[in-house]
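Residue-level structure breakdown
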Amino acid sequence: MSEKKVYRLIYVDTDEAAITRLKQIIRTYGINSDLLIDVASFSQLSDIDQHIQTQGCDLLLLKHAEGLPSVKEVSALVDVTNVSIFSIVDKGQLEAGQSLLEEGADFVTTLATPN
């Protein structure tokens, strides 16, 4: 059996139910995959920075919400040539997408639970 490739994902949100749901989806779909996604979740910029410095990061999912670090703040922490930043917005907030892209997001999207 070949060794699994590990991707380090940071999910920035304060909604514990959303964090748990994302981790369950990734765990379920990763069972028969040759890649492993290590999910860490934070809501404070200092915690994100500490994790990036010690563990690294391949992908950042950043919830666009009041009280959470902005795309601009987070993009200043990472090497944007090596780390993709996905800004997660609620339905109806996609109009904010252009400004989020200008701040450093690679993609702006909503999260949905797969059927």
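Residues numbered from 1 in each chain as written. Predicted model: local features only at pLDDT ≥ 70, side-chain atom pairs only at ≥ 80, totals over all residues. Heavy atoms only, no water.

1. Considering the environment of L36
Turning to its location among the elements, L36 is positioned in strand β2 (residues 35-42). The partly exposed category is assigned to L36, whose relative accessible area is 42%. Along the chain, L36 and E3 lie 33 residues apart, while their C-alpha atoms are 9.8 Å from each other. Once residues within four sequence positions are removed from consideration, L36 is found in contact with K4, K5, V6 and Y7. (Helix = DSSP H or I, 4+ residues; strand = E, 2+ residues; numbered from the N terminus. Buried < 20%, exposed > 50% of the residue type's maximum accessible area, 1.4 Å probe, protein only. Contact = heavy atoms within 4.5 Å.)

2. Concerning the nonpolar core
I10, V12, I48 and L60 are the most contacted members of the largest nonpolar core, which totals 16 residues. Sorting the residues of this core by element identifies β1 (5-12), α2 (45-55), β3 (59-63) and α3 (71-75) as the ones contributing at least two each. Those residues in contact with L60 that sit more than four places away from it in its chain are I10, V12, I48, V74, V78, V83, S84, I85 and F86. One finds Y11, A18, I19 and V39 within the second-largest nonpolar core, a separate group that totals nine residues. (Core = buried A, V, L, I, M, F, W, Y, C linked by side-chain atoms within 4.5 Å.)

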